[in-house]
Amino acid sequence: MKIAKIIKTVASAGTAVVGFGAKALDFADHIIHREEYEAKKRRKRIIGITLGIIGGVIAVLLFPYKLVVKKNGDFEIRTLLLRIYRNSEDYDLPEGGSESFDIEGMEDDEVVECQLVEAED
């Protein structure tokens, strides 16, 4: 048991020494190649700013500024870049109401005959 504790202590001390050595080598590398690291840092900052601006512009263009929803389910969504809407189709009624007309999707046996009654004045 004592030998295991001694080996564990020596191993942890060796790990600490290696970790310190790695940090020292990294620091020395930064000192030697300072200009390259500064150029990389500038490029990274420029790319970050550019991506931020592009993301902001896209968000503004796609963020809805007008939302209209009507009772019949029609809606309109407007952004600076897009206009999305759904409107119900208007049926073409014949002039005078004397002729018959077809409603798409409705069969003849589903139609109820109606008589137009004029209101008395």
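Computed from a predicted structure; not experimentally measured. (Residues numbered from 1 in each chain as written. Predicted model: local features only at pLDDT ≥ 70, side-chain atom pairs only at ≥ 80, totals over all residues. Heavy atoms only, no water.)

### Describing the pairing of strand β1 (residues 66-69)
We apply this condition: Here a strand pair is declared whenever DSSP counts at least two bridges between the two strands. Helix and strand labels come from DSSP, where a helix needs a run of H or I of at least four residues and a strand needs a run of E of at least two; each type is numbered from the N terminus.
In this structure, β1 lies alongside strand β2 (residues 75-78), joined through four bridges in antiparallel fashion. Directly across from Leu 67, in β2, lies its bridge partner Ile 77. As consecutive antiparallel partners, β1 and β2 are separated by five residues, and within that stretch Gly 73 has a phi angle of approximately 100 degrees, a positive value.

### Structural notes on the pattern of salt bridges
Here is the rule we go by: Only one rule defines a salt bridge in this text: a Lys or Arg side-chain nitrogen within 4 Å of an Asp or Glu carboxyl oxygen. Exposed residues in this analysis have more than 50% of their type's maximum accessible area, buried residues have under 20%, and partly exposed residues fall in between, with area computed by a 1.4 Å probe over protein chains only.
Summed over all chains, the structure comprises three salt bridges. One salt bridge connects Glu 38 with Arg 34, and the closest N-O pair in it is separated by 3.5 Å. One end of the pair, Glu 38, and the other, Arg 34, are both in helix α2 (residues 34-62), four residues apart, so they sit about a helical turn from each other. For the salt bridge of Arg 83 with Glu 76, the shortest nitrogen-to-oxygen distance reads 3.0 Å. For Arg 83, a relative accessible area of 48% puts it in the partly exposed group. Bridged by salt links that share partners, the residues Glu 76, Arg 78 and Arg 83 form one connected network.

### Remarks on the sheet that holds strand β3 (residues 83-86)
To be explicit about the condition: In this analysis an axis means a line fitted to C-alpha atoms, helices contributing only their contacting stretch, and an angle means the value between N-to-C directions, from 0 to 180 degrees.
Read across the open sheet, the three strands follow the order β1-β2-β3; overall the sheet is antiparallel. One side of each edge strand has no neighbouring strand; the edge strands of this open sheet are β1 and β3. If you compare each strand with its neighbour and ignore which way they point, the axes differ by 0 degrees on average.

### A closer look at the confidence of the model for the chain
Applicable threshold: Per residue, pLDDT measures the predictor's confidence, with a range of 0 to 100.
Per-residue confidence for the chain gives a mean pLDDT of 80; residues scoring 70 or more make up 74%. Predicted confidence in the chain is weakest over β3, with a mean pLDDT of 82, and strongest over α2, with 94.

### A short note on helix α1 (residues 2-32)
The test is simple: By this rule, a helix spans an expected 1.5 Å times one less than how many residues it contains.
In this model, α1 (31 residues) spans 45 Å end to end at C-alpha, consistent with the 45 Å of a helix rising 1.5 Å per residue. With zero of 31 residues buried, α1 is to be regarded as a mostly surface element.

### Side note on a positive patch on the surface
We apply this condition: Patch definition: residues with relative accessible area over 30% and no salt bridge; like charges joined within 9 Å; nonpolar side chains (Val, Leu, Ile, Met, Phe, Trp, Tyr) joined within 5 Å. For accessible areas, the Shrake-Rupley method is used with a probe of radius 1.4 Å. Any residue's cover is judged against the shown protein chains and nothing else. The charged-residue count follows a simple rule in which Lys and Arg add positive charge and Asp and Glu add negative charge, with His and chain termini not counted at all. A charge is said to be at NZ when it belongs to Lys, at CZ for Arg, at CG for Asp and at CD for Glu.
A cluster of basic residues, Lys 40, Lys 41, Arg 42, Arg 43, Lys 44 and Arg 45, forms a positive patch at the surface. The residue Arg 45 is located in helix α2 in this model.

### Thoughts on a nonpolar patch on the surface
On the surface, Ile 47, Leu 51, Ile 54, Ile 58, Leu 62, Leu 81, Leu 82 and Ile 84 cluster together into a nonpolar patch covering about 740 Å² of accessible area. With respect to the helices and strands, Ile 47 occurs in helix α2.

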